[in-house]
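Now for the letters of each chain:
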Amino acid sequence: MPVIDVTHDIDARTLTITAEFAAPRARVWQIYADPRQLERIWGPPSHPATFVDHDFTPGGRVTYFMTGPDGQKFSGYWIIDSIDEPRGFTFRDGFADDDFNPVESLPVSVNEYTFAEKDAGTVATYLSRYDSAEALEKVLEMGIVEGASGAIDQIDVFLAG
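The model shown is predicted, which means the values in this text are computed figures rather than measured ones.

**Student:** Account for the overall build of the protein chain, with residues named and values stated.
**Tutor:** Regarding its fold elements, the protein chain presents five helices and eight strands. Traced from its N-terminal end to its C-terminal end, the protein chain shows the element sequence β-β-α-α-β-β-β-β-β-β-α-α-α. For 161 residues, the compact-globule estimate of 2.2 N^0.38 gives 15 Å, and the C-alpha radius of gyration of the protein chain, at 15 Å, lies within 12% of that figure. Expressed as lengths along the three principal axes of its C-alpha atoms, the size of the protein chain is roughly 45 × 35 × 30 Å. Considering the protein chain as a whole, with its 161 residues, one finds that 46% of them fall into the buried category. Taking contacts inside the protein chain between residues at least 6 apart in sequence as the whole, the part at least 24 apart equals 45%.

Below, the structure is given as structure tokens:
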């Protein structure tokens, strides 16, 4: 299992997931830069993702939806803030309606994904910040730890295949 640590800090309004992958940093980076590869790992196994738009550049917008086992779709979007290939990227991640418009009543996270070399592999740190403790508590109640961990844990299998 790639996920080696999950911590959340309500006072700091952060959720941090750390994972180790048996692949070079540049290879892990490619997953996020390519929407077809990203579809293979974004979302837990029970909710596969489809990426509709993928402008992976500063200021770019990425839109996607995850499909649940019952066929229900859950849409989201990213706004890319910075790219530092292959070291990481920052973006805002929010919930969207079926037309990929932001759902203002649901939390938006500010994310920093970093990839560091370790031996022949990669250590990834996924840091999410929320505007309020209530926003973090809401996504924790919605199952973000289980969903994100399940998604991240798919990466080694995808890379090995």
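**Student:** Break down the nonpolar core for me, with residues and values.
**Tutor:** Core analysis: the biggest nonpolar cluster contains 30 residues, and Y32, W42, W78, F89, F115, Y126 and I155 have the highest contact counts within it. Element by element, the count of residues in this core is highest for helix α1 (residues 25–33), at four residues. The next biggest cluster of nonpolar side chains, apart from the first, holds five residues, and it includes Y130, A135, L136 and V139.

Reading guide: rules and limits
Residues numbered from 1 in each chain as written. Predicted model: local features only at pLDDT ≥ 70, side-chain atom pairs only at ≥ 80, totals over all residues. Heavy atoms only, no water. Helix = DSSP H or I, 4+ residues; strand = E, 2+ residues; numbered from the N terminus. Rg over C-alpha atoms; globule rule 2.2 N^0.38 Å. Buried < 20%, exposed > 50% of the residue type's maximum accessible area, 1.4 Å probe, protein only. Contact = heavy atoms within 4.5 Å. Core = buried A, V, L, I, M, F, W, Y, C linked by side-chain atoms within 4.5 Å.

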